There are 2 protein chains.
Amino acid sequence: MAAKSSRIRLYVDHPLAASERVALSREQAHYLFGVMRLDVGDTVALFNGHDGEWEARIIAAAKKNGVLECEAQTRPLQMPPDLWLVFAPIRKERTAFIVEKAVELGAARLIPMQTGFTQAANRLRQDKLQATALEAAEQCEATYLPPVDPVQRFGRLLDDWNPARRILFCDETLAGTPATLPTEAGPWAIFIGPEGGFTEAERDRLRGMNCAHPVSLGPRILRAETAALAALTLWQAHLGDWR
Amino acid sequence: MAAKSSRIRLYVDHPLAASERVALSREQAHYLFGVMRLDVGDTVALFNGHDGEWEARIIAAAKKNGVLECEAQTRPLQMPPDLWLVFAPIRKERTAFIVEKAVELGAARLIPMQTGFTQAANRLRQDKLQATALEAAEQCEATYLPPVDPVQRFGRLLDDWNPARRILFCDETLAGTPATLPTEAGPWAIFIGPEGGFTEAERDRLRGMNCAHPVSLGPRILRAETAALAALTLWQAHLGDWR
């Protein structure tokens, strides 16, 4: 059987360099050998979030484990711009959706935030969201994996905020005014409230910060996850790596 | 019991005007009276896609039917810009997602398209997608409901294309080049291919059309539904009603 050079991409928590050997987890071995029917001699792409993407050959394959050997770097590390997405968790599948899309669109760090109107933050599974981010990175050919932080409270987050990082926040009260974006480069964070938006007090607090810029996202009411995607898109096209 | 003035919004296929009476479908009656526990005297918001939004009072309520009477127009009809979204259906829930988001972001017409790499077009349920669009319109406070067309073949669609409507198509081969958008106003359509993109022949055909403009959406690989959202967002901010 001819060796398969598949476009399967795996994230591994292991250094990647020429001749480096990487042991597979049980799940990865099952996926490669059981599901995808790869075997010794076949190759897959590996990335670990900091050494770029490597072509690696299978040198040992068993039901529950296996070993790959790195051969050549196929792509260098490509970092996304220094953009955080700070978002209030919503319903489970829509929160997962925010995480998946933030990875595709190129956010560097994801911070779930508990706000006054946030319902679901105490049920938030950080490990599951990180797994969602990992899967999205495997799919979208990313060489970087954004970390998903533990939930933080809105107030605490802003108490400790470094004003060198500008904040873009979606202000529903501006609906219908032009979606004008600031032009300052440098580190940024996008803040997205839950369904129902920020509380009046939260909005006042953001408006009072010099580093915070409100933005309108058109005349219709956007769901929280739609606002997250739209804001990431506009930021990337104006200030990020889509320019 | 005090009358409830809820923010429940229903789409009805019926003219709306002062004193106009509207009979509810069985499902709507179940929803209003069984699920939401509304009763005679309570009000809901109605829209039909062309008469704006009306406050209507419940004047008869039964298990399987009911009657509302329009009282006052609460918002005029707000048409989205003349933007079509022409998209290749993908997996079921991701196709529904494209439709939902296109309504929120403000597309005027949705056209599912069969391309060379489209897998799922023969299983597409136009009625289900129209129902998804309707639900999205009810949720996002839209007063307009974009129609979802039957599936059309890529070739046939372009054979009959009116060149006065410009086409924005997402060209994966431009990944990494700037996401520059054209500036021509007027009618537009966004074309989104399936997972795997357009075929070489399809891309050549689009490139050969004077009215078609390729656009890049950043250096990462976007899923089809992400590309649809990002393209709608950029178009709205540059040429649409987010300006």
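Residues numbered from 1 in each chain as written. Chains lettered and ligands numbered in written order. Predicted model: local features only at pLDDT ≥ 70, side-chain atom pairs only at ≥ 80, totals over all residues. Heavy atoms only, no water.

Between chain B and chain A, which share one sequence, the superposing operator has a rotation angle of 180 degrees and an axial displacement of 0.0 Å; the RMSD is 0.0 Å. Here the symmetry operator amounts to a two-fold rotation axis. A symmetric contact is evident, with 100% of the interface residues of chain B recurring at the interface of chain A. (Least-squares fit on C-alpha atoms with pLDDT ≥ 70 in both. Contact = heavy atoms within 4.5 Å.)

Each partner contributes residues to the interface: chain B has 35 residues there, and chain A has 35 residues. Here chain B and chain A share an interface that buries about 2,900 Å² over both sides, 57% of which is from carbon and sulfur atoms. Sorting the residues of chain B by area buried against chain A places Glu104, Arg220 and Trp242 of chain B first, and these three jointly supply 25% of that buried surface. For the interface between chain B and chain A, the tally reads 8 salt bridges. Across the pair Glu225 of chain A and Lys101 of chain B runs a salt bridge whose closest N-O atoms are separated by 2.6 Å. If you look at where chain B meets chain A, you find 20 residue pairs in polar contact (both at pLDDT 80 or more). The biggest single contributor to the side of chain B that touches chain A is helix H6 (residues 224-239) of chain B, with 9 residues. Of the residues assigned to the side of chain B that touches chain A, the class counts are 16 nonpolar, 9 polar and 10 charged. (Buried area = accessible area lost by both parts, 1.4 Å probe. Salt bridge = Lys/Arg side-chain N within 4 Å of Asp/Glu carboxyl O. Polar contact = N/O pair within 3.5 Å; in protein donor to acceptor, adjacent residues only side chain to side chain. Helix = DSSP H or I, 4+ residues; strand = E, 2+ residues; numbered from the N terminus. Nonpolar A, V, L, I, M, F, W, Y, C, P; charged D, E, K, R; others polar.)

Attention shifts here to the nonpolar core. With 90 residues, the main nonpolar core has Leu85, Ile190 and Ile192 of chain A together with Leu85, Ile190 and Ile192 of chain B as its most contacted residues. Ignoring sequence-local partners within four residues, the contact set of Leu85 of chain A consists of Ile98, Ala102, Ala107, Arg109, Leu110, Ile111, Ile190, Ile192 and Leu232 of chain A. (Core = buried A, V, L, I, M, F, W, Y, C linked by side-chain atoms within 4.5 Å. Buried < 20%, exposed > 50% of the residue type's maximum accessible area, 1.4 Å probe, protein only.)

Time to look at the sheet that holds strand E7 (residues 109-114) of chain A. Residues and elements named next belong to chain A. Across the sheet, 6 strands lie side by side as E8-E7-E6-E10-E9-E11; this open sheet has parallel pairing. Across the chains shown, the open sheet's two edge strands, defined by having one partner strand only, are strand E8 (152-153) and strand E11 (212-215). Bridge count for E7 against E8 is 2 bridges, and the pairing is parallel. Among the inter-strand pairings, Gln114 is bridged to a residue of E8, identified as Arg153. Contacts from helix H5 (residues 200-207) reach strand E9 (166-170), strand E10 (188-192) and E11 within the one sheet, and its direction differs from that of E9 by about 145 degrees. (Pairing = 2+ DSSP bridges. Axes fitted to C-alpha atoms, helices over the stretch in contact; angles between N-to-C directions.)

Inspection of the secondary structure assignment puts Lys101 of chain A in helix H2 (residues 92-105). Contact partners of Lys101 of chain A, with chain neighbours within four places excluded, come to Leu229 of chain A together with Arg94, Arg223, Glu225 and Thr226 of chain B.

With that settled, the discussion passes to the UniProt feature "domain: Ribosomal RNA small subunit methyltransferase E PUA-like" (unreviewed entry) in chain A. Here the UniProt feature "domain: Ribosomal RNA small subunit methyltransferase E PUA-like" (unreviewed entry) sits at residues 24-65 of chain A. Segment residues 24-65 of chain A splits into 24% helix and 33% strand. End C-alpha atoms: 6 Å apart. (UniProt positions renumbered as here; feature names shortened; annotations may be inferred.)

A word on the domain arrangement of chain A. All names here are of chain A. Domain parsing of chain A yields domain 1 (5-75) and domain 2 (83-239). On the domain 2 side, the residues contacting the 10 residues of domain 1 number 8 residues. Taking both partners together, domain 1 and domain 2 bury about 780 Å²; carbon and sulfur atoms supply 55% of that area. Of all residues in domain 1, the largest losses of buried area upon contact with domain 2 belong to Arg9, Tyr11 and Phe47, amounting jointly to 60% of the total for that side. With 4 residues, the top contributor of residues to the side of domain 1 that touches domain 2 is strand E1 (residues 5-11). Residues of the side of domain 1 that touches domain 2, tallied by class, amount to 3 nonpolar, 3 polar and 4 charged. (Domains from an automatic or database assignment.)

Applying the stated rule across the entire model yields 44 salt bridges over all chains. Here Glu53 of chain A makes a salt bridge to Arg7 of chain A, at a shortest N to O gap of 3.5 Å. With Glu53 of chain A in strand E4 (residues 53-61) and Arg7 of chain A in strand E1, this pair connects stretches of sequence that are 46 residues apart. Among the residues examined, Glu53 of chain A registers a relative accessible area of 2% and is labelled buried. Here Arg57 of chain A ties to Glu71 of chain A by a salt bridge, and the two come within 2.8 Å at their closest N and O atoms. Residue Arg57 of chain A is located in strand E4, and its partner Glu71 of chain A is located in strand E5 (residues 66-75); the two are separated by 14 residues in the primary sequence. By relative accessible area, which is 36% here, Glu71 of chain A ends up partly exposed. Each member of the salt-bridge network shares a partner with another, and the members are Arg94, Arg223 and Glu225 of chain A together with Glu100, Lys101 and Glu104 of chain B.

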